[in-house]
Amino acid sequence: MASHDESGKKSNENEVPTFNAENLQSNMKVVYYCRTFMSIIGGVIAGICGFTGLMGFVVYVLVMAITSVCLTARAGFSIHSYFDSWNRVLLDGFLGGLLVNVYFVCAVLDVSFCA
Amino acid sequence: MAEELVLDTAIRDWVLIPLSIVMVLIGILRYFVSKLMRTTQSPDAKIIKEGQVVIRARNLRAAAGFIPLKAFRVRKVYYTNEENGLLHVPKGQAQNPQAQMFSDPNMAMDMMKKNLSMIIPQTLTFAWVNFFFSGFVAAKIPFPLTQRFRSMLQNGIDLSTVDVSYVSSRSWYFLNLFGLRGLFSLILGEENATDDTQRMMQMSGFGFDPSKSLGAEKDGLDIVQHDWVLPKFEQRAQAVLRKRLSS
């Protein structure tokens, strides 16, 4: 899912890390797409397994954590050469994905509910 | 009391799934229509010039640490000089670009078209949902809600003892509206017309751009402290070169 243009962003400075803004933005886009997709999948899974209420939310947080770990691993564990702070890769898109996740949970639950 | 209502399969087949499919299709249709209807505005030279000046000033602010103090000061004065600095907008002229922009017929027409192409499908779909799909329980929300939401979520349902988690199709429509935004951003790539909240934010900021941003950039430049981050650069370059040459 993470595309191959997560290339390194640091310039040649060893003391002050500077980033190429375009590449940074494209990396953020990749993270956002990954999160949205995973929240859809997580929502569908939670709907199929019948998790409601708090359990569904816990499943969402779990899926997000797994996504963060996978993104970190893909970036070779040296976050600072691809993103400018940890928060970006861990928390960005959390809330937007939550809405999508809730939607898909409802959708799958209700569609499977009637059968 | 959690009575388990079992919904008819007919509801699922004829309400939930068609509504979702219709919304996805309308979103895709709207994306293509907005692409087709996008007229190329002939760019106004003055506005572009001002935009570029703002970008240059911003770059100067961001990279202030990499140039020597004297060079930075020279550039700063060039931008913020009171008489003929690039960022200094004489007071009387500040309001004009904004007023001109809103009365410019092309721009107004463009904004109107974008607005319409967003509002009309939503209104039509909402009216359709209301007309055909009202008066019965359509879906169940998976988490518990308080009684306050009853009037909002259970519009057509006139029973007051039904659990608030069972909602009408109007709320299913809204849930679709918000939840499918993420899906659209995945399948349609960037700049899809369905992200209307982002659009509204952009539009409210659009009218102020030229006149206020110059003043803002000027203030920003005045504030910047020059922080020379390459103090011993020559020594470092020397050390690196020595290492390279000796290995």
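A brief structural summary. Since we're looking at a predicted model, the values are computed, not measured. Every chain begins its residue count from 1, and numbering advances along the sequence as written. Written order decides the labels, with chains lettered from A and ligands numbered from 1. Owing to the predicted nature of the model, reporting of local features is limited to residues with pLDDT of at least 70; listing and counting of side-chain atom pairs is limited to 80 or more, with chain, interface and lining totals taken over all residues. In computing side-chain values, all of the structure's heavy atoms are included and hydrogens and water are not.

### A few points about the packing of aromatic side chains
Residue and element names in this part refer to chain B.
Okay, so step 1: The pairing test for Phe, Tyr and Trp rings, Trp by its six-membered ring, is centres within 6.5 Å, and the orientation test on the planes gives stacked under 30 degrees, edge-to-face over 60, and tilted for anything in between. This model, assessed by the stated rule, comprises 7 aromatic pairs over all chains.
Okay, so step 2: Between the aromatic rings of Trp128 and Phe132, the centroid separation amounts to 6.5 Å while the plane-to-plane angle is 70°, which identifies the pairing as edge-to-face. Placement of the pair is Trp128 and Phe132 together in helix α5 (residues 105-132), with a separation of 4 residues, close to one helical turn. Helix numbering and strand numbering both begin at the N terminus, where a helix is a DSSP run of H or I of at least 4 residues and a strand a DSSP run of E of at least 2.

### A short note on helix α7 (residues 169-187) of chain B
Residue and element names in this part refer to chain B.
Okay, so step 1: For a helix, the expected span equals 1.5 Å multiplied by the number of residues minus one. Over its 19 residues, α7 extends 25 Å from the first C-alpha to the last, a length consistent with the 27 Å expected when each residue adds 1.5 Å.
Okay, so step 2: Throughout, bend refers to the angle between the axes fitted to the seven residues that end at a position and the seven residues that start at it. Its maximal kink placed at Leu180, α7 deviates by approximately 35°.
Okay, so step 3: Of the positions making up α7, those classed as buried are Ser169, Ser171, Trp172, Tyr173, Leu175, Asn176, Gly179, Leu180, Gly182, Leu183, Phe184 and Ser185. Three exposure classes are used, based on accessible area relative to the maximum for each residue type with a 1.4 Å probe and protein chains only: buried under 20%, partly exposed in between, and exposed over 50%.

### Quick look at a nonpolar patch on the surface
Residue and element names in this part refer to chain A.
Okay, so step 1: Here, patches come from residues exposed beyond 30% relative accessible area and free of salt bridges, joined within 9 Å for like charges and within 5 Å for nonpolar side chains (Val, Leu, Ile, Met, Phe, Trp, Tyr). Shrake-Rupley sampling with a 1.4 Å probe provides the accessible areas, and residues are treated as covered by the protein chains on show and by no other component. Any carboxyl oxygen of Asp or Glu within 4 Å of a side-chain nitrogen of Lys or Arg constitutes a salt bridge here. A contiguous nonpolar patch, built from Leu54, Met55, Phe57, Val58 and Val61 and spanning about 450 Å² of accessible area, is present on the exposed surface.
Okay, so step 2: In this structure, Met55 sits in helix α2 (residues 54-74).
Okay, so step 3: Judged by relative accessible area, which is 41%, Met55 ranks as partly exposed.

### Quick notes on the layout of surface pockets
Okay, so step 1: In this analysis a 1.4 Å probe is tested at points of a 1 Å grid over the protein atoms alone, and where it fits but cannot get out there is a cavity; an open set with protein on both sides within 12 Å along at least five of seven lines is a pocket; lining residues have an atom within 4 Å of a point. Grid points are joined across faces, edges and corners, and a volume is the space filled by probe spheres set on the points. What the second largest pocket holds in volume is close to 390 Å³.
Okay, so step 2: Looking at the second largest pocket, it is lined by 17 residues, and the ones nearest its centre are Ile141(B), Leu153(B), Ser171(B), Phe174(B) and Leu175(B).
Okay, so step 3: For the lining of the second largest pocket, the secondary structure elements donating two or more residues are α4 (94-113) of chain A together with α6 (150-153) and α7 of chain B.
Okay, so step 4: Ranked by the residues each element gives to the lining of the second largest pocket, the list is headed by α7(B), at 7 residues.

### Notes on the side chain of Ser68(A)
Okay, so step 1: Looking at the secondary structure, you find Ser68(A) in helix α2.
Okay, so step 2: Whenever a nitrogen or oxygen atom comes within 3.5 Å of another N or O atom, the pair is scored as a polar contact, on the condition that within protein one atom can donate a hydrogen and the other can accept it, and that pairs from neighbouring residues in sequence are kept only if both atoms are in side chains. Among the polar contacts listed, one links the side chain of Ser68(A) to the side chain of Arg35(A), at a separation of 3.4 Å.

### Quick notes on the side chain of Asn176(B)
Okay, so step 1: As for its placement among the helices and strands, Asn176(B) is situated in helix α7.
Okay, so step 2: In what follows, a contact means two residues having at least one pair of non-hydrogen atoms within 4.5 Å. In contact with Asn176(B), not counting residues within four places along its chain, are Tyr103(A), Leu19(B), Ser20(B) and Met23(B).

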